[in-house]
Amino acid sequence: AECVSGCVCPEGLFDDGRGGCVEEKDCPCIHNNLWYSPGQKITVDCNTCTCQKGHWTCTEDVCYGTCTIYGSGHYITFDGKFYDFDGSCEYVATQDFCGDKNSGGSFSIITENVPCGTTGVTCSKAIKMFLGVSNDKLKLEDKDYKEIQLDTGDDVPYWNRTVGLYLVIEASNGVMLIWDKKTTVFIKLTPNYKGKVCGLCGNFDDKSNNDFTTRSGLQDTNALIFGNSWKQSSMCPDVTQEIKPCDVKPHRKSWAEKECSIIQSEVFKICHSKVYPIPFYEACVHDACSCDSGGDCECFCSAVAAYAQECTKAQACVFWRTPDIC
């Protein structure tokens, strides 16, 4: 689909991939299967790319990394790897106490996962954030946050504010937590943490294929082995099998598929080419099947909101909430 000079077009002209012959300066560019004319701009993460002569030229600003934990055990790492892990324990979501140089970290974020519903899946019930050498500790739980211990010493100042549905905690060391006061948390890190963090959120080195690095520093391909290695207490049992809630509660499956089909519907059409919808749809069905002890709609809404959030990051803003839906 590249703009090429071939035997199709007269000399000096280029095949534009759409059946026409154009001058080089008029070559279009392609991104996510969409065509863009020369001079058109798109935003990729925090950078702007411009179409020039069939190629994209982009600004090279370094962007915040985001890790997402939502619903019943869904994780999207800083490098964009999507996986499920249903452990019932406290786990390291991300920290910069990694490798041999374990001593020099400045923060640690722990997720406390508990069973939600009766199928055995787990959700993040609380988030603990340790800051600085003196380990100031914040806990986000039951729609509120509290300071658990504040020592004086080599401290990392932080601020909190509420933005819409979310509570935002921002620390001066470049760590930000965005929490929906339920089961969704976004962890944002400045680029200077690239390759220096570890935990369930991966290592933030722009490569997703090595995100399953265990606590002992070994790379694995199995989400269960990887997830179990990051538990905080050896007293918690290891997760030994992946839970499939729709198999456990087959009567909920058709309702879940019907509700979650909004993700693959016209409502989100502008986003489909930018953020692949299937993993989010499957996660939504998984959650809608598993939330069988009240909060059905909340589980479904959180799952759709996670996709909407990724769409917004990809510059496809979708207004999907209605009086009937969430």
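Residues numbered from 1 in each chain as written. Predicted model: local features only at pLDDT ≥ 70, side-chain atom pairs only at ≥ 80, totals over all residues. Heavy atoms only, no water.

S.K.: Any chance you could explain the pattern of salt bridges here in plain terms?
M.R.: Oppositely charged side chains are able to pair whenever their charged atoms sit close together. Within the structure shown, the criterion is met by 10 salt bridges. With a closest N to O distance of 3.0 Å, glutamate 170 and arginine 161 form a salt bridge. A relative accessible area of 38% means that arginine 161 is categorised as partly exposed. (Salt bridge = Lys/Arg side-chain N within 4 Å of Asp/Glu carboxyl O. Buried < 20%, exposed > 50% of the residue type's maximum accessible area, 1.4 Å probe, protein only.)

S.K.: Even after reading the chapter, I still don't get the domain arrangement of the protein, so can you show me in this structure?
M.R.: By a widely used convention, the size of an interface equals the accessible area lost when the partners come together. By the assigned domains, the protein splits into domain 1 (14-58), domain 2 (65-229) and domain 3 (245-314). Its C-alpha centre places domain 1 at a distance of 38 Å from the equivalent point of domain 2. (Domains from an automatic or database assignment.)

S.K.: I would appreciate a short explanation of the environment of lysine 244 in the present structure.
M.R.: Its location among the elements puts lysine 244 in the loop between helix H1 (223-229) and helix H2 (245-248). Under the relative-accessibility criterion, lysine 244 is labelled partly exposed at 45%. The spatial distance from the C-alpha of lysine 244 to the C-alpha of glycine 120 is 9.1 Å, given a sequence separation of 124 residues. (Helix = DSSP H or I, 4+ residues; strand = E, 2+ residues; numbered from the N terminus.)

S.K.: Before we go on, may I ask you to explain the nonpolar core in this structure?
M.R.: A general feature of soluble globular proteins is that nonpolar side chains tend to end up buried together. The biggest cluster of nonpolar side chains holds 45 residues, and the ones touching the most others in it are Ile109, Met129, Leu177 and Ile187. Considering each element in turn, this core owes the most residues, 4 residues, to strand S13 (residues 122-131). Not counting residues within four places of it along the chain, the set of residues in contact with isoleucine 187 comprises Gly65, Thr66, Cys67, Phe78, Ala93, Thr94, Ile109, Met176, Leu177 and Cys201. (Core = buried A, V, L, I, M, F, W, Y, C linked by side-chain atoms within 4.5 Å. Contact = heavy atoms within 4.5 Å.)

S.K.: Can you walk me through the state of the cysteines in this structure?
M.R.: Put plainly, two cysteines are in a disulfide when a covalent bond ties their sulfur atoms together. Evaluated as defined, the whole model comprises 13 disulfides. There is a disulfide in this structure between cysteine 49 and cysteine 58, and the S-S distance comes to 2.0 Å. The sign of the 110 degrees torsion about the S-S bond sets the cysteine 49-cysteine 58 disulfide as right-handed. Judged by its relative accessible area of 5%, cysteine 49 is buried. Owing to a relative accessible area of 38%, cysteine 58 belongs among the partly exposed residues under this scheme. The cysteine cysteine 317 is free of any disulfide, with cysteine 311 supplying the nearest cysteine sulfur at 9.2 Å. A residue is classified by how much of its surface remains accessible, and cysteine 317, at 47% relative accessible area, is partly exposed. (Disulfide = S-S within 2.5 Å.)

S.K.: Please explain the environment of tryptophan 56 as it appears in this structure.
M.R.: With respect to the element layout, tryptophan 56 can be found in strand S7 (residues 55-58). Considered as a pair, tryptophan 56 and alanine 305 are 249 residues apart in the sequence and their alpha carbons are 31 Å apart. Apart from the residues lying within four places of it in its own chain, the contact partners of tryptophan 56 are Cys29, Ile30, His31, Tyr36, Gln40, Ile42, Cys49, Thr50 and Cys51.

S.K.: Just checking my understanding: could you explain the sheet that holds strand S6 (residues 47-52) for this structure?
M.R.: Backbone-to-backbone hydrogen bonds join strands into a sheet, with any given pair of strands oriented parallel or antiparallel. In space, the 3 strands of this open sheet follow the order S5-S6-S7, with antiparallel pairing throughout. Only two strands of the sheet have a single partner each, and these edge strands are strand S5 (41-44) and S7. Strand after strand, the sheet turns through a mean of 35 degrees between neighbouring axes, direction not considered. (Pairing = 2+ DSSP bridges. Axes fitted to C-alpha atoms, helices over the stretch in contact; angles between N-to-C directions.)

S.K.: Please clarify how the packing of aromatic side chains should be interpreted in this entry.
M.R.: For any pair of aromatic rings, the description consists of the separation of the ring centres together with the inter-plane angle of the planes. Scanning the model with the defined rule gives 13 aromatic pairs in all. The interplanar angle of 70 degrees and the centroid separation of 5.4 Å between the aromatic rings of tyrosine 36 and tryptophan 56 together place this pair among those described as edge-to-face. Taken as a pair, tyrosine 36 in strand S4 (residues 34-36) and tryptophan 56 in strand S7 lie far apart in primary sequence, 20 residues in all. Look at tyrosine 36 and you get buried, because its relative accessible area is 12%. Each ring, one from phenylalanine 212 and one from phenylalanine 226, has its centre 4.7 Å from the other, and the planes form 15 degrees; the classification is stacked. In this pair, phenylalanine 212 is assigned in the loop between strand S19 (185-189) and H1 and phenylalanine 226 in helix H1, connecting sequence segments 14 residues apart. (Phe/Tyr/Trp six-rings, centres within 6.5 Å; stacked < 30°, edge-to-face > 60°.)

S.K.: Before we go on, may I ask you to explain the environment of cysteine 98 in this structure?
M.R.: Of note, cysteine 98 is situated in the loop between strand S11 (90-95) and strand S12 (107-115). Sequence-wise, cysteine 98 and glycine 217 are 119 residues apart; in three dimensions their C-alpha atoms are separated by 8.6 Å. Beyond its immediate chain neighbours, meaning those up to four positions away, cysteine 98 contacts Lys196, Val197 and Cys198.

S.K.: I would appreciate a short explanation of the sheet that holds strand S9 (residues 74-76) in the present structure.
M.R.: Ordered in space as S10-S9-S8-S19-S18-S17-S16, the 7 strands form an open sheet in which the pairing is antiparallel. The strands lining the two open edges of the sheet, one partner per strand, are strand S10 (82-84) and strand S16 (158-163). Strand-to-strand, the axes of this sheet are offset by a mean angle of 15 degrees, without reference to chain direction. Of the pairings in the sheet, the one linking S9 to S10 comprises 3 bridges and is antiparallel in character.

S.K.: What should I look at first to understand the packing of helix H3 (residues 253-260) against helix H5 (residues 278-290) in this one?
M.R.: The geometry of a pair of packed helices is captured by two quantities: the angle between their axes and the separation between those axes. At a minimum axis separation of 8 Å, H3 and H5 run at an interaxial angle of 140 degrees. Considering their axes alone, H3 and H5 lie oblique with respect to each other. Crossing hand, H3 versus H5: right-handed. Contacts between H3 and H5 pair Lys253, Trp255, Ala256, Glu257 and Cys260 from the former with Tyr281, Cys284, Val285, Ala288 and Cys289 from the latter. Of the residues belonging to the contact of H3 with H5, the class tally is 8 nonpolar, no polar and 2 charged. (Parallel < 35°, antiparallel > 145°, perpendicular 65-115°, else oblique. Left-handed = near helix turned anticlockwise from the far one by under 90°. Nonpolar A, V, L, I, M, F, W, Y, C, P; charged D, E, K, R; others polar.)

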